[in-house]
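For reference, the chains in residue letters:
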Amino acid sequence: MFKKIDLKNRTALVTGAGKGLGRACAIALAEAGAKVIIISRTLSDLMRVEKLIKKTKGSCLKFECDVTNPDQLKNILKKIKRLDILVNNAGNNRPEHFTQVKKENMEYLVELNMKAAFNVAQMCSQKMVELKSRKILGGSIINMSSQLGRVGAPIRSVYNMTKFGLEGLTRGMALELGKYNIRVNTVCPTFVATPMVKEFFKNKKFKQQVLENIPLGRLAEESDVSTAVAFLAANSSNSITGTSFMVDGGWTAK
Amino acid sequence: MPKFLKDINLKGKVAVITGATKGIGRSTAVAMHHVGASIIAIGRNTKELASLKIKLKIRIQCIECDINNYEKISREINKIKKIDILVNNAGTNLPEPFLKVKNSSLETLLNINTKSAFNIAKLCTDKMLKLKNRKKVGGSIIHTSSMFGLVAGPNRTVYSMTKFGIEGLTRGMAVDLAKFNIRVNSVCPTFVATPRAKKYLANKKFNKYALSNIPLGRIATESDVATAITFLSSDASSIITGSSIIIDGGWTAK
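Residues numbered from 1 in each chain as written. Chains lettered and ligands numbered in written order. Predicted model: local features only at pLDDT ≥ 70, side-chain atom pairs only at ≥ 80, totals over all residues.

1. Observations regarding the overall build of chain A
Right, on to step 1. Looking only at helices and strands, chain A has nine helices and seven strands in total.
Right, on to step 2. Relative to a compact globule of 254 residues, whose C-alpha radius of gyration would be 18 Å, chain A shows 17 Å and is just as compact.
Right, on to step 3. The dimensions of chain A, computed from C-alpha atoms along their principal axes, are 50 × 45 × 40 Å.
Right, on to step 4. In chain A, once contacts between residues fewer than 6 apart in sequence are set aside, the share between residues at least 24 apart is 75%. (Helix = DSSP H or I, 4+ residues; strand = E, 2+ residues; numbered from the N terminus. Rg over C-alpha atoms; globule rule 2.2 N^0.38 Å. Contact = placed C-beta atoms within 7 Å.)

Rendered as structure tokens:
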């Protein structure tokens, strides 16, 4: 009656796998038994993640790849036999007040958080449906969203726009890929103790504001998010699609 | 090296489950028992409670009680030594078109799904707070809601009213109880292969309505729901509160 999080014989691709949440997800999926394809722009980061995955006795393949360049991912997908799970994680943030958002920052975030996310999702879905037994085996796509894909926040209008967009993409993909038994969901973390957020937290006032908005009074850990991702990747969540998994300590419950 | 996949382990935890004799409640009792919890099963049916007791053999205590009987249920809950987890699951449905809803149906559903659910949540929370180190060990409350706590369906005005209410209760409790490290979430299943839903689905027209609205093309299983509830009850979800896990095959994504 309890379905274990077990990813044996599953192949998963994780974008932005070099650090932070992507790295945590890659390791968690490997811990659950998946063969993990890790991609990032920075080879030195990938080499470190590979070492960590080998420590868990997991297996992985690494590819240097800029997700904003679709040809690069296309070539990688040609090299792999099959794909069962995608963690569409690569993304970034450039906080600026709405009235002062620089055009190049807006374009950069739309290119990466939306356009590249869409292209990665589409190419990987095409790869996933190639498998004849897909309908029986199922597949799972997890788009890395944010609590800011559900609610607004100061100096995050562009980030909000891209993450709300990803939420919409998730719903639409879930409808169209349901017939192949490919499930599509997001995880929506609150601020997570990643290198990116630790940098923001050097601003004491910002740190205090954030913690005041989280009823549980603490940040999410990388492992909180990677565990939720592993749950959504596995058959443990067999009937869950088109949803958002809130990992936010109660931020959006208010 | 930290683990990025958290274990779902309930050893040493005491879980109260209402409506534990059948369907989702019973499956949850079995799932939680499987990962180490001690189960306190509350239900009305003597025979079914006895058979659950035989199935689980150890770490189970049964309380025969109608949850609408406030005096008795408060006495019984007061007798319990320690509660770490509540699965507030007992509930029912009396589908009727809005224009024909009988006053008696309205009262039955409000009594069980709303008032009793609130009372049980309150009584169990009081007991959970008795533990001195609650803040350290945490606690988890899971309400069995429904996709009809998020969207409407035909002949389900009263059911939707009560389940939307549970969604509101979940958010409010999460905010109020966060400071005690008690997390409160709901699960929102689509139609599940329970004895009750099977009756509805025996009707061909209804069956078609249900399946054509679920992008994954299948109803949920009891273990899909029990697994999600067990995940929410464990420390694997330690930063998740005030949220709903939607187990609906994509119904509400449309």
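2. A few points about the overall build of chain B
Right, on to step 1. When helices and strands are counted, chain B shows nine helices and seven strands.
Right, on to step 2. Relative to a compact globule of 254 residues, whose C-alpha radius of gyration would be 18 Å, chain B shows 18 Å and is just as compact.
Right, on to step 3. Principal-axis analysis of the C-alpha atoms gives chain B an extent of 50 × 50 × 35 Å.
Right, on to step 4. Taking all 254 residues of chain B together, 52% fall into the buried category.
Right, on to step 5. Of the contacts made within chain B by residues no fewer than 6 positions apart, 72% connect residues no fewer than 24 positions apart. (Buried ≥ 20, exposed ≤ 12 C-beta atoms within 10 Å, placed from the backbone.)

3. Considering the interface of chain B and chain A
By a frequent convention, interface size equals the accessible area lost on bringing the separate parts together.
Right, on to step 1. Taken together, the 39 residues of chain B in the interface contact 41 residues of chain A.
Right, on to step 2. Mapped onto the side of chain B that touches chain A, the elements with two or more residues apiece are helix H1 (23–34), helix H6 (157–177), helix H9 (222–233) and strand S7 (244–247) of chain B.
Right, on to step 3. Top contributing element to the side of chain B that touches chain A by residue count: H9 of chain B, with six residues.
Right, on to step 4. In terms of residue class, the side of chain B that touches chain A is built from 21 nonpolar, twelve polar and six charged. (Nonpolar A, V, L, I, M, F, W, Y, C, P; charged D, E, K, R; others polar.)

4. Section: the sheet that holds strand S2 (residues 35–40) of chain A
Residues and elements named next belong to chain A.
Right, on to step 1. Pairing is parallel across the open sheet formed by seven strands, whose spatial order is S3-S2-S1-S4-S5-S6-S7. In the strand order of this sheet, the two ends are held by strand S3 (59–64) and strand S7 (244–247), each with one partner. Across the sheet, the mean angle from the axis of one strand to that of its neighbour is 15 degrees, orientation sign disregarded.
Right, on to step 2. Judged from the six bridges that link them, S2 and S3 form a sheet pairing that is parallel. When the bridges of S3 are listed, Ile 37 appears paired with Leu 61.
Right, on to step 3. Packed onto the sheet, helix H2 (residues 43–55) meets S2 and S3 and runs at close to 180 degrees relative to S3.
Right, on to step 4. Those strands touched by helix H9 (residues 222–233) are strand S1 (11–15), strand S4 (85–88), strand S5 (139–144), strand S6 (182–189) and S7, and its axis lies near 165 degrees from that of S6. (Pairing = 2+ DSSP bridges. Axes fitted to C-alpha atoms, helices over the stretch in contact; angles between N-to-C directions.)

5. Observations concerning the packing of helix H3 (residues 70–79) of chain B against helix H4 (residues 103–129) of chain B
All names here are of chain B.
Right, on to step 1. Contact geometry of H3 with H4 gives a least axis separation of 10 Å together with a crossing angle of 25 degrees. Between H3 and H4, the angle falls in the class roughly parallel. Here H3 runs over H4; the crossing is right-handed. Side by side, H3 and H4 meet where Tyr 70, Ile 73, Ser 74 and Ile 77 of the first sit next to Asn 119, Ile 120, Leu 123, Cys 124 and Lys 127 of the second.
Right, on to step 2. Here the residues of the contact of H3 with H4 are counted per class, giving six nonpolar, two polar and one charged. (Parallel < 35°, antiparallel > 145°, perpendicular 65-115°, else oblique. Left-handed = near helix turned anticlockwise from the far one by under 90°.)

6. A look at the sheet that holds strand S2 (residues 38–43) of chain B
Residues and elements named next belong to chain B.
Right, on to step 1. Pairing is parallel across the open sheet formed by seven strands, whose spatial order is S3-S2-S1-S4-S5-S6-S7. The open sheet has two edge strands, strand S3 (60–64) and S7, and neither has a second partner. Taken pair by pair, the neighbouring strands of this sheet meet at an average axis angle of 15 degrees, ignoring direction.
Right, on to step 2. On top of the sheet, helix H2 (residues 46–56) reaches S2 and S3; it is set at about 180 degrees to S3, its chief contact.

7. Notes on helix H1 (residues 20–31) of chain A
All names here are of chain A.
Right, on to step 1. End to end, H1 covers 17 Å across twelve residues, agreeing with the expected 16 Å (1.5 Å per residue, within 8%).
Right, on to step 2. The buried fraction of H1 is high, at twelve of twelve residues.
Right, on to step 3. Considered for burial, the residues of H1 that qualify are Gly 20, Leu 21, Gly 22, Arg 23, Ala 24, Cys 25, Ala 26, Ile 27, Ala 28, Leu 29, Ala 30 and Glu 31.
Right, on to step 4. Positive phi shows up at Gly 33, right after H1, with a value of about 105 degrees. (Expected span 1.5 Å × (residues − 1).)

8. A word on the nonpolar core
The tendency in soluble globular proteins is for nonpolar side chains to be buried as a group.
Right, on to step 1. Counting residues in hydrophobic clusters, the biggest one holds 146 residues, and the most contacted among them are Ala 12, Ala 26, Leu 29, Val 36 and Val 229 of chain A together with Ala 15 of chain B.
Right, on to step 2. Excluding residues within four positions of it along the chain, Leu 29 of chain A makes contact with Leu 7, Ala 12, Ala 34, Val 36, Ile 85, Ala 230 and Ala 233 of chain A. (Core = buried A, V, L, I, M, F, W, Y, C linked by C-beta atoms within 7 Å.)

9. Structural notes on the confidence of the model for chain B
Right, on to step 1. Across chain B, pLDDT averages 96, with 100% of residues at or above 70.
Right, on to step 2. For this predicted complex, the interface score ipTM comes out at 0.87, alongside a pTM of 0.92. (pLDDT = per-residue confidence, 0-100.)

10. What to know about the environment of Ser 160 of chain B
Residue and element names in this part refer to chain B.
Right, on to step 1. As for its position among the elements, Ser 160 is in helix H6.
Right, on to step 2. Owing to 17 C-beta atoms within 10 Å, Ser 160 belongs among the partly exposed residues under this scheme.
Right, on to step 3. Apart from the residues within four sequence positions on either side, Ser 160 is in contact with Phe 148 and Ala 152.

11. Focus on the environment of Ile 246 of chain B
Right, on to step 1. Mapped onto the fold, Ile 246 of chain B is located in strand S7.
Right, on to step 2. Taking the C-alpha atoms as reference points, Ile 246 of chain B and Val 187 of chain B, separated by 59 residues in sequence, lie 5.9 Å from one another.
Right, on to step 3. Leaving out residues up to four positions away in the same chain, Ile 246 of chain B has contacts with Ile 240 and Thr 243 of chain A together with Met 147, Cys 188 and Thr 252 of chain B.

12. Quick look at unusual backbone geometry
Right, on to step 1. Despite not being glycine, Lys 57 of chain A shows a phi value in the positive range, around 65 degrees.
Right, on to step 2. For Lys 57 of chain A, a count of 9 C-beta atoms within 10 Å puts it in the exposed group.
Right, on to step 3. A positive phi angle is found at Asn 155 of chain B, which is not glycine, with a value near 65 degrees.
Right, on to step 4. Tracing the sequence through the fold places Asn 155 of chain B in the loop between strand S5 (139–144) and H6.

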